[in-house]
Amino acid sequence: MDNGASSYRRFLAGDESGIVDIIRDYKDGLILYLNGYTKNIHIAEELMEETFVKLVVKKPRYTEKFSFKTWLYTIGRNAAIDWLRQGAHTVCTPFENLEDTLSDEEDLERSYIKEEQKIALHRAMERLNEDYRHALYLSYFEDLSNAEIARIMHTNKRRVENLIYRGKQSLKSELEKEGFVYEEL
């Protein structure tokens, strides 16, 4: 997988498989990121689709000043903010209730424990300050650099470092309230 930029250039040059590659590589992470804004996985999926429709229809110009992923997530973030401004905030099913995606071939006991830890992590993250939650998600789940996170969140790198540090402290406290301790923190 490339960073998406070459796939986007291929798409702009007329190769439809470029956009297919971009959607395949980025849709799941973008949905989860947008779910942090909407608190509704279905709305997050719609916003993900809207983000990719913008790429196909409007064909915005991508400059290599930032990574393709940063640029794409910024487009998605702007779509989520527009949705929030509209005020249509109905919550259907929280993300934590959408479990049981495990395959039958996995060890059920280990999978169950791991899933419980993920659910506890997502619940704990939902209770965090919004900025902490977004910075931690982008850093740990999307593996973006602090500079890329700063670009997406429209802030500076130093503030992102502070948000991640404080967010980790808050997350650790929230997890300890639930009886879980994540060693990765």
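Residues numbered from 1 in each chain as written. Predicted model: local features only at pLDDT ≥ 70, side-chain atom pairs only at ≥ 80, totals over all residues. Heavy atoms only, no water.

Q: So what exactly am I meant to see when it comes to the overall build of the protein here?
A: Within the protein, the secondary structure is distributed over eight helices and zero strands. If you list the helices and strands of the protein from N to C, you get α-α-α-α-α-α-α-α. Of the contacts formed within the protein by residues at least 6 apart in sequence, a portion of 62% connects residues at least 24 apart. Of the roughly 10900 Å² of accessible surface on the protein, 48% is carried by carbon and sulfur atoms. (Helix = DSSP H or I, 4+ residues; strand = E, 2+ residues; numbered from the N terminus. Contact = heavy atoms within 4.5 Å. Areas by Shrake-Rupley, 256 points an atom, 1.4 Å probe, with all protein chains shown as cover.)

Q: Would you take a moment to explain helix α1 (residues 5–12) for this structure?
A: Residues spaced three or four apart along an α-helix point in a common direction, a consequence of the helix completing one turn every 3.6 residues. Listed in full, the buried residues belonging to α1 are Ala-5, Ser-7, Tyr-8 and Phe-11. For α1, the angular spread of the buried residues around the axis is 160°, confining them to a single face. Contacts from the buried residues of α1 go to α2 (17–38), α3 (41–57) and α4 (68–86). Directly beyond the C-terminal end of α1, a positive phi value near 110° is found at Gly-14. (Buried < 20%, exposed > 50% of the residue type's maximum accessible area, 1.4 Å probe, protein only. Arc of directions from axis to C-beta.)

Q: Can you walk me through unusual backbone geometry in this structure?
A: Excluding glycine, a negative phi dihedral is what most residues carry, and trans is how most peptide bonds are arranged. Backbone geometry places Lys-59, a non-glycine residue, at a positive phi of 45°. Structurally, Lys-59 is set in the loop between α3 and α4. Even without a glycine there, the phi angle at His-154 is positive, about 55°.

Q: Help me out: how do you make sense of the environment of His-122 in this one?
A: Relative to the elements of secondary structure, His-122 occurs in helix α5 (residues 108–126). Residues His-122 and Leu-171, spaced 49 residues apart in sequence, show a C-alpha to C-alpha distance of 9.9 Å.

Q: Would you explain the packing of α2 against helix α6 (residues 130–141) in this entry?
A: Each pair of packed helices gets described by two things: the angle between the helix axes and the distance between those axes. Axis separation between α2 and α6 bottoms out at 10 Å; the angle between their running directions is 170°. Relative to α6, the element α2 lies roughly antiparallel. For the pair formed by α2 and α6, the contact residues are Gly-29, Leu-32, Tyr-33, Gly-36 and Tyr-37 on the first element and Glu-130, Arg-133, His-134, Tyr-137 and Leu-138 on the second. Here the contact of α2 with α6 is composed, by residue class, of five nonpolar, three polar and two charged. (Axes fitted to C-alpha atoms, helices over the stretch in contact; angles between N-to-C directions. Parallel < 35°, antiparallel > 145°, perpendicular 65-115°, else oblique. Nonpolar A, V, L, I, M, F, W, Y, C, P; charged D, E, K, R; others polar.)

Q: Would you take a moment to explain the nonpolar core for this structure?
A: Among the nonpolar cores identified, the biggest contains 47 residues, and Leu-55, Phe-68 and Leu-138 are the most heavily contacted of them. Going through the elements one at a time, α1, α2, α3, α4, α5, α6, α7 (146–153) and α8 (157–177) are the ones with two or more residues in this core. Ignoring sequence-local partners within four residues, the contact set of Leu-55 consists of Tyr-8, Phe-11, Ile-19, Ile-22, Pro-60, Trp-71, Leu-72 and Ile-75. (Core = buried A, V, L, I, M, F, W, Y, C linked by side-chain atoms within 4.5 Å.)

Q: Would you mind going over the packing of aromatic side chains with me for this structure?
A: The description of an aromatic ring pair uses the distance of the two centres, along with the angle that the planes make with each other. Following the criterion strictly, the structure yields eleven aromatic pairs and no others. Centre to centre, the rings of Tyr-33 and Tyr-137 are 5.9 Å apart; their planes meet at 25°, and the pair counts as stacked. Residue Tyr-33 is located in helix α2, and its partner Tyr-137 is located in helix α6; the two are separated by 104 residues in the primary sequence. A residue is classified by how much of its surface remains accessible, and Tyr-33, at 1% relative accessible area, is buried. (Phe/Tyr/Trp six-rings, centres within 6.5 Å; stacked < 30°, edge-to-face > 60°.)

Q: Sorry, what's going on with empty space enclosed by the protein here?
A: The method is simple in principle: a probe with the dimensions of a water molecule rolls over the atoms, and the space it marks as empty is what remains. Considering all chains together, one arrives at one cavity of 30 Å³ or more under this definition. Computed from the structure, the largest cavity encloses a volume of approximately 150 Å³. Taken together, twelve residues form the lining of the largest cavity, with Leu-32, Gly-36, His-122, Glu-126 and Tyr-137 sitting closest to its centre. The set of elements that each furnish at least two residues to the lining of the largest cavity consists of α2, α5 and α6. For the lining of the largest cavity, the residue count by class is six nonpolar, four polar and two charged. (1 Å grid on protein atoms, 1.4 Å probe; cavity = no way out; pocket = protein on both sides within 12 Å on 5 of 7 lines; lining within 4 Å. Points joined across faces, edges and corners; volume = space filled by probe spheres on them.)

Q: Looking at this model, I keep getting lost on the pattern of salt bridges. Mind explaining?
A: Oppositely charged side chains can form a pair if their charged atoms are brought close together. Applying the stated rule across the entire model yields twelve salt bridges. For the salt bridge of Lys-69 with Glu-142, the shortest nitrogen-to-oxygen distance reads 3.0 Å. You can see Lys-69 sitting in helix α4 and its partner Glu-142 sitting in the loop between α6 and α7, a full 73 residues away along the chain. Of the two residues examined, Lys-69 and Glu-142, each falls in the buried class. (Salt bridge = Lys/Arg side-chain N within 4 Å of Asp/Glu carboxyl O.)

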